[in-house]
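Read off the chains here:
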Amino acid sequence: MGVSRVVPPLPRDMRETVLPGHAACHGCPITMALKVVGAALGKKVILVVPACCTSVVVGAWPGSGFNGSIIHVAFASAAAVASGVAEALARRGINDVHVVAWAGDGGTADIGMASLSGAAERNHNMIYIMYDNEAYMNTGIQRSSATPPGAWTTTTPLGKKEPKKDVARIMIAHGVPYVATASIGYPHDFYAKLKKASKIKGFKFIQLHAPCPTGWRFDPSLTVKIAKLAVETGLWILYEYENGKITLSGPSKPYIDKSKRKPMIEYFKLQGRFKGITEEDIKAIERYVDEAWEWIKKYM
Ligand SMILES: Cc1ncc(C[n+]2csc(CCOP(=O)(O)OP(=O)(O)O)c2C)c(N)n1
Ligand code: SF4
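Caption draft 1: Inspection of the overall build of the protein at higher detail. Scanning the protein for helices and strands turns up eleven helices and eight strands. Rg of the C-alpha trace for the protein: 18 Å, near the compact-globule value of 19 Å for 300 residues, within the 12% margin. Its C-alpha atoms give the protein principal-axis dimensions of about 55 × 45 × 40 Å. Among the 300 residues that make up the protein, the fraction classed as buried is 52%. The long-range share in the protein, meaning contacts at least 24 apart out of those at least 6 apart in sequence, stands at 71%.

Caption draft 2: Focus on the pairing of strand β4 (residues 126-132). Within β4, seven of the seven residues are buried, which leaves it mostly tucked inside the rest of the structure. Burial of the side chains of β4 extends over both faces: Met126, Tyr128, Met130 and Asp132 are buried on one face and Ile127, Ile129 and Tyr131 on the other. Alignment of strand β3 (residues 98-104) against β4, held across five bridges, turns out to be parallel. By the bridge assignment for β4, Ala101 is matched with Tyr128. As paired elements, β4 and strand β6 (residues 203-209) share seven bridges and run parallel to each other. Paired with Tyr131 across the bridge in β6 is Leu208.

Caption draft 3: Layout of the site of ligand 1. Around ligand 1, the structure places 16 residues, and the nearest of them are Cys53, Gly106, Gly107, Tyr131 and Asn138. Asp105 has a polar side-chain atom sitting 3.4 Å from an oxygen atom of ligand 1. A distance of 2.8 Å separates an oxygen atom of ligand 1 from a polar atom in the backbone of Gly106. In isolation ligand 1 has 590 Å² of accessible area, and contact with the protein removes 71% of it. If you tally residues by element for the shell around ligand 1, the top one is helix α4 (residues 105-110), at three residues.

Caption draft 4: Layout of unusual backbone geometry. Here Arg217, not a glycine, exhibits a phi torsion of approximately 65°, which is positive. Along the chain, Arg217 falls in the loop between α8 (213-216) and α9 (223-232). Residue classification places Arg217 among the partly exposed residues on the basis of a relative accessible area of 40%. Despite not being glycine, Asn243 has its phi angle at roughly 50°, a positive value. Mapped onto the fold, Asn243 is located in the loop between β7 (239-242) and β8 (245-248). Residue classification places Asn243 among the exposed residues on the basis of a relative accessible area of 76%.

Caption draft 5: Structural context of the side chain of Ser252. If you trace the backbone, Ser252 turns up in the loop between β8 and α10 (264-268). On the basis of relative accessibility, which here comes to 1%, the residue Ser252 falls in the buried class. Among the polar contacts made by the side chain of Ser252, one reaches the main-chain amide nitrogen of Leu238 at a distance of 2.8 Å. Dropping the residues within four chain positions of it, Ser252 is found in contact with Val231, Trp236, Ile237, Leu238 and Trp293.

Caption draft 6: Spatial organisation of helix α5 (residues 113-122). When α5 is considered as a whole, its buried residues turn out to be Met113, Ser115, Leu116, Gly118, Ala119 and Ala120. Of the surrounding elements, those touching the buried residues of α5 are α3 (78-91), α4, β4, α6 (167-173) and β6. Once α5 finishes, Asn123 follows within two positions and takes phi at roughly 60°, a positive value.

Cut-off values and rules
- Residues numbered from 1 in each chain as written.
- Chains lettered and ligands numbered in written order.
- Predicted model: local features only at pLDDT ≥ 70, side-chain atom pairs only at ≥ 80, totals over all residues.
- Heavy atoms only, no water.
- Helix = DSSP H or I, 4+ residues; strand = E, 2+ residues; numbered from the N terminus.
- Rg over C-alpha atoms; globule rule 2.2 N^0.38 Å.
- Buried < 20%, exposed > 50% of the residue type's maximum accessible area, 1.4 Å probe, protein only.
- Contact = heavy atoms within 4.5 Å.
- Pairing = 2+ DSSP bridges.
- Near = heavy atom within 4 Å.
- Polar contact = N/O pair within 3.5 Å; in protein donor to acceptor, adjacent residues only side chain to side chain.
- Areas by Shrake-Rupley, 256 points an atom, 1.4 Å probe, with all protein chains shown as cover.

Here it is as structure tokens:
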């Protein structure tokens, strides 16, 4: 009989962060993730959100599906606005409010990259969370630079050809105090990383893998299963970067050994977006994954 690992429950109050009646699709990873953010950081949070599904999920003033302070901003400017808020709080001597920039992969890897890079270089005191659903979902599933090769989107009807942009690695190159990857399939791991980030001063970046049933074409009941499969196949690697070193996170530890990883096809076959994936695409993804693991091993 195998040894079962006991995982403590997440705090009860996480359910209070996202209110009933929000406008997300069934199985949406955003609402799951925001509950973990609320549980980890408490009520003293200012969320800076650019145009994305989250703006729709939380709704328009005076109604809101999110129980907390939100500033909605123009698509490219989340990190710039969060910088201003963080500086204003610091000038007033307010040290107990967390400033969180919260944006999709389009708002981060593409159009928000310049303001993100600037805020990171200036080391403003904020947590930047990129929820990575690997496309522009809010405007109808267009490719982003974080879309993986082989994936169908409305602008890559034959499958994307270019590799996925590695934003976490780009942020590490900025020399910020803390960078982590996380997954909606592992909320305890995400919770622990948020807790750690909240205690570090300066710029913190977390890239959260967030499977989207609508855009990835899978049944809404499978969000967590698919998120876990991304980790179990070695495609999505959970780690933390601090002080020049990478630490592999618990859920990813077994998969440093390639023979322990599940076959990638297990992950692809559950998603309609990979219906047309070719052998060539799979080889390109395998090369990308091998290279990512080699890079991580170098900094461990
Ligand atoms: C300057 C600008 N260009 C385009 C848009 C239209 N727009 C709104 S949301 C969005 C897609 C957002 O994608 P992403 O950041 O990945 O978040 P998701 O929708 O997946 O949650 C786009 C293109 C805009 N609001 N502003
Ligand atoms: S399209 Fe995807 S990310 Fe957007 S609300 Fe629906 S499930 Fe959530």
